[in-house]
Structures are given as structure tokens and as C-alpha cells.
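Structural overview for review
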Amino acid sequence: MIKEEEKIVMRAIALCFKPYLKQEEAMIYCNLGRTQFAVRSQEAGVYKNENGYYSREDLDKMCIGEANFEEMREEFQKLSKVRRK
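Quick look at the structure, then. (Residues numbered from 1 in each chain as written. Predicted model: local features only at pLDDT ≥ 70, side-chain atom pairs only at ≥ 80, totals over all residues. Heavy atoms only, no water.)

For the rest of this paragraph, the subject is the packing of aromatic side chains. As enumerated under the stated definition, the model contains one aromatic pair in all. Both rings, one in Phe37 and one in Tyr54, keep their centres 5.1 Å apart while their planes meet at 85°; by these two values the pair is edge-to-face. Pair noted here: Phe37 is in helix α3 (residues 34-44) and Tyr54 is in strand β2 (residues 54-55), with a separation of 17 residues, a long-range link. (Phe/Tyr/Trp six-rings, centres within 6.5 Å; stacked < 30°, edge-to-face > 60°. Helix = DSSP H or I, 4+ residues; strand = E, 2+ residues; numbered from the N terminus.)

Quick look at the pattern of salt bridges now. The final tally for this structure, using the stated rule, is one salt bridge. For Lys18, the salt bridge identified is with Glu25, shortest N-O distance 2.7 Å. Take Glu25: its relative accessible area is 8%, and that puts it in the buried class. (Salt bridge = Lys/Arg side-chain N within 4 Å of Asp/Glu carboxyl O. Buried < 20%, exposed > 50% of the residue type's maximum accessible area, 1.4 Å probe, protein only.)

So, in C-alpha cells, the structure goes:
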């Protein structure tokens with residue numbers, strides 16, 4: 001378990017310097033628990049890169065609410081076409 005003091009230091013480092021964040025740092029940056037972070041990142045289309053890090057720009061978009069609407073719209077159209085048949 002992460003101590004409160006460690007959490008504060010990790011948040012400061014994540015906010016100030018790092019362009020890419022580990023999963024724990026990303027959860028702290030977004031102020032979400034593990035489950036909430038997993039659900040929101042999947043909904044927004046934010047995934048880890050090949051090295052296992054999250055892009056801070058993508059996390060900012062997720063926190064603001066700019067989800068990947070293009071992909072969501074395409075999936076919705078595919079599902080609606082399947083239902084019509």
C-alpha cells in the first residue's frame with residue numbers, strides 16, 4: 001500500500017516533470033482508484049504504450065472529457081447496422 005507522504009511526492013513528480021506515467025502515477029494524476037481508472041481509460045480509449053506507460057496528454061484529454069468520439073461513433077454505427085438486419 002502507498003503511504004500518504006509517498007502519494008504526495010508521486011503526484012508532484014507526475015504533475016511537474018513526466019510526459020509518460022506508470023499506472024500508479026496515472027491513477028494519482030487523475031485522482032481515481034484502480035477500478036475507476038480502468039473503466040474511464042477504456043471508455044476514453046486511453047491505453048498504455050509498448051513500454052507500459054500512459055501519455056500525460058491522453059490522460060489530460062480523458063480527465064477533461066474528450067473521449068475518442070470518432071471510434072465510439074464508428075462502433076455505434078456498426079452495432080446499429082447489425083441490429084437492423
